[in-house]
Amino acid sequence: EILDRQPASETRPQGMSLVRRIQCEFNEMPGLTLTEAQAQRLWNLDGDTCRLVLCTLLERRFLKRSADGIYVRAS
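A brief structural summary. Note that the structure is predicted; figures quoted are calculated from it, not measured.

Once that is clear, we can look at the packing of aromatic side chains. Applying the stated criterion across every chain, the model contains two aromatic pairs. Note on Phe26 and Trp43: the rings are 5.9 Å apart at their centroids and 50° apart in plane angle, and the pair reads as tilted. Here Phe26 is found in helix α1 (residues 13-28), whereas its partner Trp43 is found in the loop between α2 (36-42) and α3 (47-59), with 17 residues between them in sequence. Under the relative-accessibility criterion, Phe26 is labelled buried at 1%. When its relative accessible area of 7% is taken as the criterion, Trp43 is described as buried. When the ring of Phe26 is compared with that of Phe62, the centres are 6.5 Å apart and the planes differ by 80°; the resulting orientation is edge-to-face. Pair noted here: Phe26 is in helix α1 and Phe62 is in the loop between α3 and β2 (63-65), with a separation of 36 residues, a long-range link. Accessibility classification places Phe26 together with Phe62 in one group, the buried group. Ring pairs connect the aromatic residues Phe26, Trp43 and Phe62, which therefore count as one cluster.

Rendered as structure tokens:
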């Protein structure tokens, strides 16, 4: 597993790198909106890893999640 089950997911270098990469992609495409399933397919991640990365970015307040499950970069 790439990430530990801790919310920050920063305990392993691979997890930090993955979080940074996905954050960069949201920065490069400011209008990017994805469901968890779409993010999983786009970045070829298993469900647990994808969920942990998205949760980390939510906790950092970099992303926000709409009521219908859409992840978008926070303003």
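So much for the structure itself; the text now carries on.
Next up on the list: the environment of Val53. Tracing the sequence through the fold places Val53 in helix α3. With a relative accessible area of 1%, Val53 lands in the buried category. Spatially, the C-alpha atom of Val53 lies 8.3 Å from that of Ile22, the residues being 31 residues apart in sequence.

As a further point, take α3. Along an α-helix, a turn takes 3.6 residues, which lines up residues three or four apart on a common side. Taking 1.5 Å as the rise per residue, α3 with 13 residues should run 18 Å; its terminal C-alpha atoms sit 18 Å apart, in good agreement. Taken together, the buried positions of α3 are Gly47, Thr49, Cys50, Leu52, Val53, Leu54, Thr56 and Leu57. Immediately beyond the C-terminal end of α3, within one or two residues, lies Arg61, with a positive phi of roughly 60°.

How each quantity is defined
- Residues numbered from 1 in each chain as written.
- Predicted model: local features only at pLDDT ≥ 70, side-chain atom pairs only at ≥ 80, totals over all residues.
- Heavy atoms only, no water.
- Phe/Tyr/Trp six-rings, centres within 6.5 Å; stacked < 30°, edge-to-face > 60°.
- Helix = DSSP H or I, 4+ residues; strand = E, 2+ residues; numbered from the N terminus.
- Buried < 20%, exposed > 50% of the residue type's maximum accessible area, 1.4 Å probe, protein only.
- Expected span 1.5 Å × (residues − 1).

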